[in-house]
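Structural features, examined
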Amino acid sequence: MRLRYPDTIRIVRVPCTGKVDIVHILRSFEKGADGVYVVGCMEGDCRYNRGNLRARKRVAEARRILDLVGIGGERVQMFNLSSAEGPRFAQIALEMTEKIRALGPNPIKEKKNKMAA
Amino acid sequence: MIVADRKPIEEIIEYIKDANKVLIVGCNECVTVCEAGGKKEVGVLASALRMYFMNQGKDIKIDEVTLERQCDHEYLEEIRNIIDQYQAVVSLACGVGVQFMSEKYFQTPVFPGVNTCFMGVTEERGVWSERCQGCGQCILATTGGICPVSRCAKRLFNGPCGGSSKGMCEIGGEVPCAWQIIIDRLTALGRLDDYEKLAPIKDWSKERAGGPRKVVREDVRQ
């Protein structure tokens, strides 16, 4: 298929989205990520039954915490698609990149650099 | 186990906002099981606080450590060499751990990171409910293993009140009537005759009403 999607995205592979914890999402922002999205299988199609449902709840909790600390919960999102949906994967990557670009950089990244200077 | 619930992050921010270096201390026992103050929750809270203060332009260093327990000297001793570096400690242990740490490290402010709720069970993941109030004089032998002190809203000892309806307590909120469960259980055990026996007046001085309590065992004391 050789589809193109923005090269600003760094993919972190996990065996199942059920492996993704709130702290993984938070630490990415702490380290300067501008946005994070979790791509899981379709709901009801989890090989481990509830992995993607657990991830959905964790993403929601991470959003709540990021709103509280002033980073903005809208920078995190969960998507569900099957492994046969390559074009949709590329489409989501593009949409998410545009969304985060519009939101601007992670507010703490700048402050972190200022503090270090 | 002792069941606790997470405190709002805003409340914890208020406690520590004037410190430069803060230690978040988790506990590997009960609060880990009820997912309020274990290593994972320490990581989430520390990360959230770091981001909050960084976003405010405040340079506060926040470190993390999780001890095996915070209610025993030997585990609390593990932080003796590092605690002096911190202007504030947030303990995610139950109230017992927070207090024991405060007693031990008298010069360091220790703040609670959770709201300690009760002694209870995990009904299912994410649902915890009360089972024991530590009344100091256990009567479970006569009530079929169901406790009217902790599970009856009125702490009745000789059968239900008039507010028991279809097995539920009148206080609402889906609370089952403890006496309905006691009677069901005594029936299942073939011991319903015990229900007829009057319970003697309970010695409440052994409960919290008698002031702070202590257990001293000379046979194991050093």
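The model shown is predicted, which means the values in this text are computed figures rather than measured ones.

A separate point is the packing of helix α4 (residues 107-116) of chain A against helix α3 (residues 39-55) of chain B. Contact pair α4(A) / α3(B): the axes reach a minimum separation of 9 Å and the direction vectors enclose 70°. Relative to α3(B), the element α4(A) lies roughly perpendicular. For α4(A) against α3(B), the interelement crossing comes out left-handed. Contacts from Pro107(A), Ile108(A), Lys111(A), Lys112(A) and Met115(A) of α4(A) reach α3(B) at Met51(B), Met54(B) and Asn55(B).

What follows covers unusual backbone geometry. Residues and elements named next belong to chain B. With a phi angle near 50°, Lys 166 is a residue other than glycine that sits in the positive phi range. With respect to the secondary-structure elements, Lys 166 resides in the loop between α6 (148-151) and α7 (178-188). Phi is positive for Glu 174, close to 60°, though the residue is something other than glycine. Tracing the backbone through its elements, the reader meets Glu 174 in the loop between α6 and α7. The exposure class assigned to Glu 174 is exposed, which follows from its relative accessible area of 70%.

Attention shifts here to the packing of helix α1 (residues 22-30) of chain A against helix α2 (residues 51-68) of chain A. Residues and elements named next belong to chain A. At a closest axis distance of 9 Å, the pairing of α1 and α2 adopts a crossing angle of 40°. The orientation of α1 with respect to α2, classified from their angle, is oblique. Where α1 crosses over α2, the handedness of that crossing is right-handed. Between α1 and α2, the contacting residues are Ile 22, Ile 25, Leu 26 and Phe 29 on the first element and Arg 58, Val 59, Glu 61, Ala 62, Ile 65 and Leu 66 on the second. Among the residues making up the contact of α1 with α2, the classes are represented as eight nonpolar, no polar and two charged.

With that settled, the discussion passes to the nonpolar core. Residues Ile25(A), Val22(B), Ile24(B) and Leu49(B) are the most contacted members of the largest nonpolar core, which totals 48 residues. If one sorts the elements of this core by residue count, α3(B) sits on top with ten residues. Beyond its immediate chain neighbours, meaning those up to four positions away, Val22(B) contacts Ile16(B), Ile60(B), Lys61(B), Ile62(B), Asp63(B), Tyr86(B), Ala88(B) and Val90(B). In terms of nonpolar packing, the next biggest core, distinct from the first, is built from twelve residues, Val25(B), Ile79(B), Tyr105(B) and Val110(B) among them.

The next thing to look at is the environment of Lys21(B). Residue and element names in this part refer to chain B. Tracing the sequence through the fold places Lys 21 in strand β2 (residues 21-27). When the C-alpha atoms of Lys 21 and Val 89 are compared, they prove to be 8.8 Å apart, with 68 residues separating the residues in sequence. Excluding residues within four positions of it along the chain, Lys 21 makes contact with Lys 61, Asp 63, Gln 85, Tyr 86, Gln 87 and Ala 88. Looking at Lys 21, its side chain comes within polar contact range of the side chain of Gln 85, at 2.8 Å.

With that out of the way, let us pick up the pattern of salt bridges. Residues and elements named next belong to chain B. Scanning the entire structure with this criterion turns up 25 salt bridges over all chains. Glu 29 is the salt-bridge partner of Arg 69, the closest N and O atoms lying 3.1 Å from each other. Of this pair, Arg 69 sits in the loop between β3 (61-67) and α4 (73-76) while Glu 29 sits in the loop between β2 and α2 (30-33); the two residues are 40 residues apart in sequence, bridging distant segments of the chain. In this structure, Lys 104 and Glu 77 form a salt bridge, with 2.8 Å as the shortest nitrogen-oxygen distance. You can see Lys 104 sitting in helix α5 (residues 95-104) and its partner Glu 77 sitting in the loop between α4 and β4 (88-91), a full 27 residues away along the chain.

Our next topic: α1(A). Of all the residues in α1(A), the buried ones are Ile22(A), Val23(A), Ile25(A), Leu26(A), Phe29(A) and Glu30(A). Seen end-on, α1(A) carries its buried residues on one side only, within an arc spanning 160°. Elements that come into contact with the buried residues of α1(A) comprise β1 (36-40), α2, β2 (76-80) and α4 of chain A together with α3 of chain B.

Okay, the pairing of strand β7 (residues 127-132) of chain B next. Pairing between strand β6 (residues 114-124) of chain B and β7(B): five bridges, direction antiparallel. Each bridged residue has a counterpart across the sheet, and for Val121(B) the counterpart in β7(B) is Ser129(B).

Turning next to the environment of Thr17(A). All names here are of chain A. Along the chain, Thr 17 turns up in the segment before α1. The sequence separation of Thr 17 and Arg 63 amounts to 46 residues, and the corresponding C-alpha distance is 16 Å. Once you skip the residues sitting within four places of it in the chain, Thr 17 turns out to touch Val 38, Val 39, Gly 40, Gly 51, Asn 52, Ala 55 and Met 78.

The rules behind these values
Residues numbered from 1 in each chain as written. Chains lettered and ligands numbered in written order. Predicted model: local features only at pLDDT ≥ 70, side-chain atom pairs only at ≥ 80, totals over all residues. Heavy atoms only, no water. Axes fitted to C-alpha atoms, helices over the stretch in contact; angles between N-to-C directions. Helix = DSSP H or I, 4+ residues; strand = E, 2+ residues; numbered from the N terminus. Parallel < 35°, antiparallel > 145°, perpendicular 65-115°, else oblique. Left-handed = near helix turned anticlockwise from the far one by under 90°. Contact = heavy atoms within 4.5 Å. Buried < 20%, exposed > 50% of the residue type's maximum accessible area, 1.4 Å probe, protein only. Nonpolar A, V, L, I, M, F, W, Y, C, P; charged D, E, K, R; others polar. Core = buried A, V, L, I, M, F, W, Y, C linked by side-chain atoms within 4.5 Å. Polar contact = N/O pair within 3.5 Å; in protein donor to acceptor, adjacent residues only side chain to side chain. Salt bridge = Lys/Arg side-chain N within 4 Å of Asp/Glu carboxyl O. Arc of directions from axis to C-beta. Pairing = 2+ DSSP bridges.

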